Every structure is written in structure tokens, then in C-alpha cells.
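Fold and geometry: a report
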Amino acid sequence: MSQLTAAGIDPFDETAYRAILVRHTAAPAEIADDLGCSVERAARALDRLRENGLVGRLSGSRRRYAAIEPGAAVDALVRSRTAELDSVRSAADDLSRLFTAAHTGGSEQIEVVHGSEALGRWFVTLQQEAREEVITLDRPPYALTTSNPVEATALSRGVRYRAVYAPEALEWPGVLGDIKELVAHGEVARVLPGLRIKLAIADRRLALMPLSLDFGATDEVRAAVIRPSALLDGLIDYWEMCWREATPLDAPADDPLDAEDRQMLTLLVSGLKDEAIARQLGWSVRTMRRRISRLTGELGAANRFQAGVIAARRGWIGDAS
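Now for a description of the structure that goes with this document. (Residues numbered from 1 in each chain as written. Predicted model: local features only at pLDDT ≥ 70, side-chain atom pairs only at ≥ 80, totals over all residues. Heavy atoms only, no water.)

Here's the deal with the pattern of salt bridges
Keep this limit in mind: Salt bridges are defined as contacts in which a side-chain nitrogen from Lys or Arg sits within 4 Å of a carboxyl oxygen from Asp or Glu. Going along the chain from the N terminus, every DSSP run of H or I of four or more residues is numbered as a helix, and every run of E of two or more is numbered as a strand.
Counted according to the given criterion, the structure contains 17 salt bridges. Between Arg-48 and Asp-13 there is a salt bridge whose closest N-O contact spans 2.7 Å. Here Asp-13 lies in helix α1 (residues 11–23) and Arg-48 lies in helix α3 (residues 39–51), a separation of 35 residues in the sequence. In this structure, the salt-bridge partner of Arg-204 is Glu-240, at a minimum N-O distance of 2.6 Å.

A few points about the environment of Thr-125
Keep this limit in mind: Relative accessibility under 20% of the residue-type maximum defines a buried residue, over 50% an exposed one, and the middle range a partly exposed one, all with a 1.4 Å probe and only protein chains included.
Within the element layout of this structure, Thr-125 appears in helix α6 (residues 116–129). Take Thr-125: its relative accessible area is 2%, and that puts it in the buried class. Considered as a pair, Thr-125 and Asp-75 are 50 residues apart in the sequence and their alpha carbons are 10.0 Å apart.

Quick look at the pairing of strand β8 (residues 199–202)
Our working rule: Note: two strands are recorded as paired if DSSP finds a minimum of 2 bridges between them.
Across the two faces of β8 the burial is the same, with Leu-199 and Ile-201 and Ala-200 and Ala-202 all buried. The sheet contact formed by strand β5 (residues 133–138) and β8 spans 4 bridges and is antiparallel. Residue pairing for β8: Val-134 is matched across the bridge by Ala-202. Inspection of the sheet shows β8 paired to strand β9 (residues 206–210) by 3 bridges, in the antiparallel sense. From the neighbouring strand, Ile-201 faces β9, where its bridge partner is Ala-207. Here β8 folds back onto β9, and the loop between the two strands holds 3 residues, one of which, Asp-203, carries a positive phi near 55°.

Some thoughts on the packing of aromatic side chains
To keep things clear, this is the line we draw: Here is the rule: rings of Phe, Tyr and Trp (six-membered ring for Trp) pair when centre to centre is within 6.5 Å. Planes less than 30 degrees apart are stacked, more than 60 are edge-to-face, and the remainder are tilted. In this analysis the charged atom, NZ for Lys or CZ for Arg, is taken to sit over a ring once it is within 6 Å of the ring centre and within 35 degrees of the ring normal.
Counting across every chain of the model gives 2 aromatic pairs. A centroid spacing of 5.2 Å and a plane angle of 85° characterise the contact between Tyr-142 and Trp-172, whose relative ring orientation is edge-to-face. Here Tyr-142 is found in the loop between β5 and α7 (149–156), whereas its partner Trp-172 is found in the loop between α8 (167–170) and α9 (175–185), with 30 residues between them in sequence. By relative accessible area, which is 13% here, Tyr-142 ends up buried. Ring geometry for Trp-239 and Trp-243: centres 5.2 Å apart, planes at 15°, overall stacked. Taken together, the residues Trp-239 and Trp-243, both in helix α10 (residues 230–245) and 4 residues apart, mark about one turn of the helix. A residue is classified by how much of its surface remains accessible, and Trp-239, at 0% relative accessible area, is buried. Owing to a relative accessible area of 8%, Trp-243 belongs among the buried residues under this scheme. The side chain of Arg-162 reaches across the aromatic face of Trp-243, ending 5.1 Å from its centre. Positioned above the aromatic ring of Trp-243, the side-chain terminus of Arg-190 is 4.0 Å from the ring centre.

Focus on the sheet that holds strand β2 (residues 55–57)
The 3 strands are arranged β1-β3-β2 in an open sheet whose pairing can be described as antiparallel. Edge positions in the sheet fall to β1 (25–26) and β2, since each of these pairs with one other strand and no more. Pairing of β2 with strand β3 (residues 65–67) involves 3 bridges; the strand directions are antiparallel. From the neighbouring strand, Gly-56 faces β3, where its bridge partner is Ala-66.

Considering the layout of surface pockets
Where we set the bar: Each cavity reported here is a set of points on a 1 Å grid over the protein atoms alone in which a 1.4 Å probe fits but cannot get out, each pocket an open set with protein on both sides within 12 Å along at least five of seven lines, and each lining residue one with an atom within 4 Å of a point. Grid points are joined across faces, edges and corners, and a volume is the space filled by probe spheres set on the points. Under the scheme applied here, ten amino acids are nonpolar (Ala, Val, Leu, Ile, Met, Phe, Trp, Tyr, Cys and Pro), four are charged (Asp, Glu, Lys and Arg), and all others, including Gly, are polar.
Computed from the structure, the second largest pocket encloses a volume of approximately 440 Å³. What lines the second largest pocket is a set of 20 residues, and nearest its centre among them are Arg-50, Glu-51, Gly-53, Pro-149 and Ala-152. Taken together, the elements giving at least two residues each to the lining of the second largest pocket come down to α3, α4 (70–79), α7 and α9. Its residues placed into classes, the lining of the second largest pocket shows 7 nonpolar, 8 polar and 5 charged.

A closer look at the packing of α6 against α7
Two quantities define a packed helix pair, namely the angle between the helix axes and the distance between the axes. Basically, it comes down to this: Whenever a helix is involved, its axis is fitted only over the stretch in contact; in every case the axis is a line through C-alpha atoms, and angles between N-to-C directions fall within 0 to 180 degrees. Geometric relationships in this document are graded by angle, where less than 35 degrees denotes roughly parallel, more than 145 denotes roughly antiparallel, 65 to 115 denotes roughly perpendicular, and other angles denote oblique. Here a residue-residue contact requires only that any non-hydrogen atoms of the pair lie within 4.5 Å.
Following both chains from N to C, one finds α6 and α7 inclined at 5°, their axes separated by 9 Å at the closest point. Taken together, α6 and α7 sit at an angle that is classed as roughly parallel. Where α6 abuts α7, its residues Val-124, Gln-127 and Gln-128 lie against Val-150, Glu-151 and Ala-154. Here the residues of the contact of α6 with α7 are counted per class, giving 3 nonpolar, 2 polar and 1 charged.

Next comes the structure, spelled out in C-alpha cells:
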């Protein structure tokens, strides 16, 4: 029986979702085999599930998806619909009893959770419970998926997002495109070389921080859930320091540069190498170097990095305030 139809999920898409829940991760061809359909139909279903926040696309050149914890994902879907969709909550109850474990033992100031799935559940919960603002430090690697479908929903209900990204994040397939999409929805994004931790803080009262960046063995991933304490205050202060030092990724409306030049300078200031910048923009390295040489001359800069700094200070590649 289709239980998610009232939330706007097509019965076939729900069948695909149940199939990927069993597999945990899957490529379109694997779902096609499970459902006896074409690869193209399975791929379209997975893309629609991703748009609804039920699955995330994994990083890498191969097209592969991971199921997002059902309790958190379905609950977010229900919240984005009107009150007449209350019946969908029965589907959330049916699909995820594990989520209740994430809410137990909440009296400690610091709680350690284990496993990449628990880390993913808490990241979703932190965003769903936010009422005013989510601030993050983002860098590779990623435990499950590079995308964050919950953020768009939170932005739509008025939650403010400010994110500081490591340059390495922009080199991961699909990440820069995801950031652009989130910025279009309201996220304020900046880039800072040298980030050594991953961090998410909701309303300055709840933080989530992986205790290591070795995600090779998913069962050994550990993360700290941090509630109001001196440690949380210190992490907020550290985030504020990173924010002040970071380079904005968004640009003012009266930017005199064209979109491609602006993006090239932004990536340059972010610390990416020539090859990575050219790959992100779909250019040859020769074309990229020719364009930066032209801009360097126009800006009167001594070198390419200085050209980016001058553009940033003039407000051409972001509001530096």
C-alpha cells in the first residue's frame, strides 16, 4: 500500500524508496533490477526522491544514491505540506522506529553517538529543530552524501544558514553546484582554507561535531552532540573567527565582472589550484590562465592571487562585511 501519496510521493517512487532502504545505497541500475523497470525510469524516480529529501546522491563520478534515515526524512516532508497531510505521519512511524533512539539520554551536555547513520540522523534532527539559524563549517570527507536536502526546507520556513566551506569541498563532484543552489535559496556561503574540523550549530544551543575525519569504517564513526556548555561557547567563538576570515562566495548585484570571471576569481581566492578551477568551469587550463592574465592586468595586480584579493576588497566577489 502506498503510504506517502498524500505527501506528494508517487507510488512508484515510494516503491523505489523502499527498495533503496533495503539496500541502503544503490545505483539506478540496481533499483531497476529490483523493480523490473528501465534504468531511465529508476533514475528519474531517484532524482525525484532526492528533490523530496528522501535520498541523497553520493559523491564520486558514478551515479549512486543513499537512503536518508526515514524518520527524519519523512517528518521533514510532512512539515513542508499543509495540515491535511497529517495522515502521512503514520508512514513515518511505520518506516522508522530507530529514530527515537536519537532522542534518548538528552540530559548530558556532551553525548557521543556512533556510526555514520547516527551522525546523519543527528545532522537532520539539528536542522529540523532549528528555529532561527544554522551555522556550519564544511569540509570533506562526507559520511554518506555531499548533498543536504533538509536545508532547502529549513530555508523555506525562515531558518537562516551561514556556511564556511573548505576549498577542498569545492573540488568534490557536484558540491559547487549544490552550494550555488542553496545560495539561490538564501544560504550565505564563504570559503576558508585550512579548516580542520566539521561542525554544525543550531540556534547556538545545539552542536554536532565529528570526533575524527576518518570515515572509512562507517561503524567506527563517532560524533559529539554538544548542548549548552563552555565547550559549545568555545565552538561558537571559533566559528565566528572562521566566518570573519573567510571569503564570501556570493556577489553584489552591481558586480562589474561577468559571471564566469567572478566565479573564477572566487575559486582562485578560495585556494583552488589551476586544474581544479578549470575543471569546475569546464575550461582548459590554458583558457583559464589566459583569462586570469587579462583580469590581472585590468585590476593592476602584481599576481593572480592579488587580483582575487583586490576584487574581493572592492566587493566584486562578495560582501566582505
